[in-house]
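Observations on chain architecture
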Amino acid sequence: NNYEDEMIIDNHPQLTRSEVTYSGDVEGVSVLIFGSSTMNNSDYFFQESLNTVWVGNRTSKNLELGKYKFFFYKAEGNEIDILPSSFSSTTKLEDIEFKAKPDTDPNRNGYVLPVEEIWLPESADMANKVYTIAGEDVVQNTLKRAVSQVELNLLRGKEENGKFTPLPYTGDDNIMKDIQEIRLDISGVGESVNYAGASGNKKTYYSANKETSISEQGFAYFAGPLVFPSEASVEKAD
């Protein structure tokens, strides 16, 4: 589920022409450019965003020679909040955050809504890498999926001596003839992610009255909500 983006920087007498190429026919990749005011400055501030000029999986941008960070990501921003809401010359990489929207149902105080597909650099070191642009340089990024998906399989069967044996349906019957709706109250989902990982430990709610697919055995599969991994689950995995 990973793909690579490549930024090729060609030499120029005074400006550096950077040509970004990404593979895998993946659309919607954005690149945030953070620049340093001096060659020895450890602070990098937002300069501009490349997210609307991709043509044939390629884009280019002239940059002054110097040190930069390039933050690649893929997110539509329809079902999440991308923070800050607008970037300025004081915005740093560590300020960029993708946050789940709160659930406004009065019965679900403290819950967050499901999120959307998000792709971020595969490591914090990759996102935070400093590039000295001097001409004929190459910048590469590998993005990975930053969300998890809850999936549900509904099977009919019987249990004997601790062993479950499926009981397939015949004809046009399937398990959904006896089920009007499924409801999931899901604990342990994150509230936000950034280049360094996930944070928060929330709940989310999911319901569906229509399955994603029915198997040949008459069992139902639900492609459930996308969620951020919780801060606790990330720490456990590490």
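Quick caveat, the model's predicted, so the values are computed rather than measured. Residue positions are given per chain, counting from 1 as you read along its sequence in written order. Where local features are concerned, this predicted model is filtered to residues with pLDDT of at least 70; where side-chain atom pairs are given and counted, the filter is 80 or more; whole-chain, interface and lining totals use all residues. Side-chain measures here rest on the full set of heavy atoms in the structure, leaving out hydrogens and waters.

**Looking at the packing of aromatic side chains**
Given two aromatic rings, one states the distance between the centres and the angle between the planes to describe the pair. Centres within 6.5 Å are what make two rings of Phe, Tyr or Trp a pair, Trp counting through its six-membered ring; a difference in plane orientation under 30 degrees is then read as stacked, over 60 as edge-to-face, and the rest as tilted. Applying the stated rule across the entire model yields 7 aromatic pairs. Consider the rings of F34 and F46, whose centres lie 6.1 Å apart with planes at 70°: the pair is edge-to-face. Of this pair, F34 sits in strand 3 (residues 29-35) while F46 is found in strand 4 (residues 45-50), placing the two residues 12 residues apart along the sequence. Here the two residues F34 and F46 agree in accessibility, since each one is buried. Here the aromatic cluster, defined as three or more aromatic residues joined through ring pairs, consists of F34, F46 and F87. Any Lys NZ or Arg CZ that is within 6 Å of a ring centre and within 35 degrees of that ring's normal is treated as a charge sitting over the ring. If you follow R156 out to its NZ or CZ, it ends over the ring of Y169, 3.8 Å from the centre. Comment: elements are numbered from the N terminus, with helices defined as DSSP H or I runs of at least four residues and strands as E runs of at least two. The cut-offs for exposure are 20% and 50% of the maximum accessible area for each residue type, with area from a 1.4 Å probe on protein chains only; residues under the lower value are buried, those over the upper are exposed, and the others partly exposed.

**Focus: unusual backbone geometry**
Note: most residues except glycine have negative phi, and most peptide bonds are trans. The linkage connecting L83 with the following residue, P84, adopts the cis geometry, with an omega of -5°. Secondary-structure assignment places P84 in the loop between strand 7 (80-83) and strand 8 (97-100). The backbone of N161 sits at a positive phi, close to 55°, despite the residue not being glycine. As for its position among the elements, N161 is in the loop between strand 13 (157-160) and strand 14 (163-166).

**Brief notes about the sheet that holds strand 16 (residues 192-194)**
Hydrogen bonds along the backbone pair up the strands of a sheet, which may run parallel or antiparallel. Strand order in the open sheet made by the 4 strands is 7-8-16-17, with antiparallel pairing throughout. On the outer flanks of this sheet lie strand 7 and strand 17 (197-199), each paired with one strand and no other. On average, each strand axis in the sheet is tilted by 25° relative to the strand beside it, whichever way the strands run. By the convention used here, strands pair only if DSSP detects at least 2 bridges between them. The pairing of strand 8 with strand 16 spans 2 bridges and is classified as antiparallel. Looking across to strand 16, one finds that F98 is bridged to V193. Inter-axis angles, ranging from 0 to 180 degrees, are taken between N-to-C directions of lines fitted to C-alpha atoms, where helices are fitted over the stretch in contact.

**Structural notes on the pairing of strand 20 (residues 220-229)**
Strand 20 sits mainly inside the fold: 7 of its 10 residues count as buried. Where strand 12 (residues 148-154) meets strand 20, 6 bridges bridge the pair, whose relative direction is antiparallel. Bridged to N153 within strand 20 is Y221. Strand direction decides the pairing type here: strand 15 (residues 182-190) and strand 20, joined by 2 bridges, are antiparallel. Bridge assignment links V189 to a residue of strand 20, and that residue is P229. Two elements, strand 19 (residues 213-214) and strand 20, share 2 bridges in a ladder whose sense is antiparallel. Residue pairing for strand 20: S213 is matched across the bridge by Y221. Linking two consecutive strands that pair antiparallel, namely strand 19 and strand 20, is a turn of 5 residues; a positive phi of about 85° is found at G218 within it.

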